[in-house]
Amino acid sequence: MGFLSPYSHVRGFNYVPSTAVNDIAFWRDYDEALVERELTFAQRLGLNSARPFLAYVVYEHDPKSFLGRLRHFVRAAHDRGISVMPVVWDSCFDDTRPTIDSTENKWIPNPGVQRLGPEFWPAGEAYCADLVQTLGSEPGLAMWDIMNEPLITSWVSDDVPEREERKSTIWRFVHHFCGVMKELDSAHPITVGVANVATLPNVEAHVDVLSYHDYLPTRAAIRSQIDDAIRVAKANQKPIFISELACLARANPYDVTLEVCQEAGIGWYLWELMIGKSRWRDIHGVVYPDGTVRDPSIVAAIRGFFRRRGPDMIPPAVDKEGAATRAVGQAKAWLGSSDGDYAQGTALIETIANLLEAGEHVPMSSPPSARVLALAEAEDNESNRTELVRLLVLWSEKLTAVSS
């Protein structure tokens, strides 16, 4: 476990501001107040490290402003007990050419496949030197992630004739800039966040710390990859952690994945903190811009508390004290009146919705209480009263069925 302990305490998050559609927009349209507010959400969750993706084209357009914004980010994070691991370059996902005016809601590579060759390297080295000059003495800097998922790009897909040559181009770029950053900054370790453990042999000799990503669909698969990762770490005598995990669309839910990581003692960065405008908003993210959350079980998992799934679970008994029976009876009486008070009706339906949710009898992807709140705030008109009546009938029947 010695190969986990140096970073087993990491409880990190990948970060794109809630207002940004991509990482170019992150740094081009940088909003200090927004960043500080969202980093405070991370602080409240108990998260302790951030993984932001940088954007060379923003630096190229205005180096001074970009570096100032990056410095602000690291200092704002440090003020909240959060370290920062900047991602210097990124290969994902295609051959899009990055531009400073990009407004596409897609993930854009950095610096782009057009700039992977040696002719770009001097400019890239100057950029790296400025990064180190700006952040090298900042106490909030944890390490450098040299390149995100180098091979996860359609530029090297199986049907590309030049696939092997292009893969070599990518790895030469990665290895070169690993050397550049190690020479520029001997005080901070470097890593490369590869897509899986199988890719680690391509970088293990070039980094100080190993890191990989996990979006696997079962507990056994997640744990098996962790075990494989530990074997690689031992063979290289280097620590290891997971720099991306959790995806609702890959059967890799936050609470399950984080529970396996806690059991194994491995550090992690979840993808991602915010639910905003990015392309990931419907399958990733913990916190909405107003500070509400997608699912409290994610928050609990981040804090180290997990849903019980054993045979000795004690299910909620929502009618143990007769509350469900009373609510259904009161709803029937209200429905039987010709002109029931609208506010009384919304109070009744809220009671029933709360019992259904507390008893875990409804899917929380569309919680009844959300519809109740909308009705309570609406005027008493024919349309809203019709909907109130419909839901009272529907949910009363549901509550009767689950509490009998």
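Residues numbered from 1 in each chain as written. Predicted model: local features only at pLDDT ≥ 70, side-chain atom pairs only at ≥ 80, totals over all residues. Heavy atoms only, no water.

*Asks:* I'm lost on the overall build of the protein chain in this one. Help?
*Replies:* Helix and strand counts for the protein chain come out as 13 helices and 10 strands. Taken over the C-alpha atoms alone, the protein chain extends approximately 80 × 45 × 45 Å along its principal axes. Within the span of the protein chain, comprising 404 residues, buried residues form 51% of the whole. Contacts in the protein chain between residues far apart in sequence, at least 24 positions, make up 72% of those at least 6 positions apart. With the model as given, the accessible surface of the protein chain reaches about 18,100 Å², and the carbon-plus-sulfur share is 51%. Mean positive and mean negative side-chain charge positions of the protein chain (39 and 54 charges, respectively) differ by 3 Å. (Helix = DSSP H or I, 4+ residues; strand = E, 2+ residues; numbered from the N terminus. Buried < 20%, exposed > 50% of the residue type's maximum accessible area, 1.4 Å probe, protein only. Contact = heavy atoms within 4.5 Å. Areas by Shrake-Rupley, 256 points an atom, 1.4 Å probe, with all protein chains shown as cover. Lys, Arg positive; Asp, Glu negative; His and termini not counted. Charge placed at Lys NZ, Arg CZ, Asp CG, Glu CD.)

*Asks:* Mind showing me how you'd approach the sheet that holds strand E9 (residues 240-245) here?
*Replies:* Ordered by their spatial adjacency, 7 strands build an open sheet running E3-E2-E1-E10-E9-E8-E7, and the pairing between neighbours is parallel. Looking along the sheet, the strands with just one partner apiece sit at the ends: strand E3 (83-84) and strand E7 (193-194). By the bridge criterion, 5 bridges tie strand E8 (residues 210-214) to E9 in an arrangement that is parallel. Counted as the bridge partner of aspartate 214 is leucine 245 from E9. The strands that helix H7 (residues 219-236) touches are E8 and E9; relative to E8, the one it contacts most, it runs at about 170°. (Pairing = 2+ DSSP bridges. Axes fitted to C-alpha atoms, helices over the stretch in contact; angles between N-to-C directions.)

*Asks:* Sorry if this is basic, but what is going on with the packing of aromatic side chains here?
*Replies:* Both the distance between ring centres and the angle between the ring planes are used here to describe each pair of aromatic rings. Using the criterion set out here, one finds 28 aromatic pairs in the structure. With centroids separated by 6.3 Å and ring planes inclined at 85°, the aromatic side chains of phenylalanine 13 and tyrosine 15 adopt a geometry described as edge-to-face. Look at phenylalanine 13 and you get buried, because its relative accessible area is 0%. Taking relative accessible area as the criterion, tyrosine 15 reaches 1% and is therefore assigned buried. (Phe/Tyr/Trp six-rings, centres within 6.5 Å; stacked < 30°, edge-to-face > 60°.)

*Asks:* How do you make sense of the pairing of strand E2 (residues 49-52) when you look at a structure like this?
*Replies:* Each regular strand shows side chains that alternate between the opposite faces of the sheet. Residues Ser49 and Arg51 point to one face of E2 and Ala50 and Pro52 to the other, with burial holding for every one of them. Across 4 bridges, the pairing between strand E1 (residues 11-15) and E2 is parallel. Directly across from glycine 12, in E2, lies its bridge partner serine 49. Pairing geometry for E2 and E3, over 2 bridges, is parallel. The residue bridging alanine 50 from the neighbouring strand is valine 84, located in E3.

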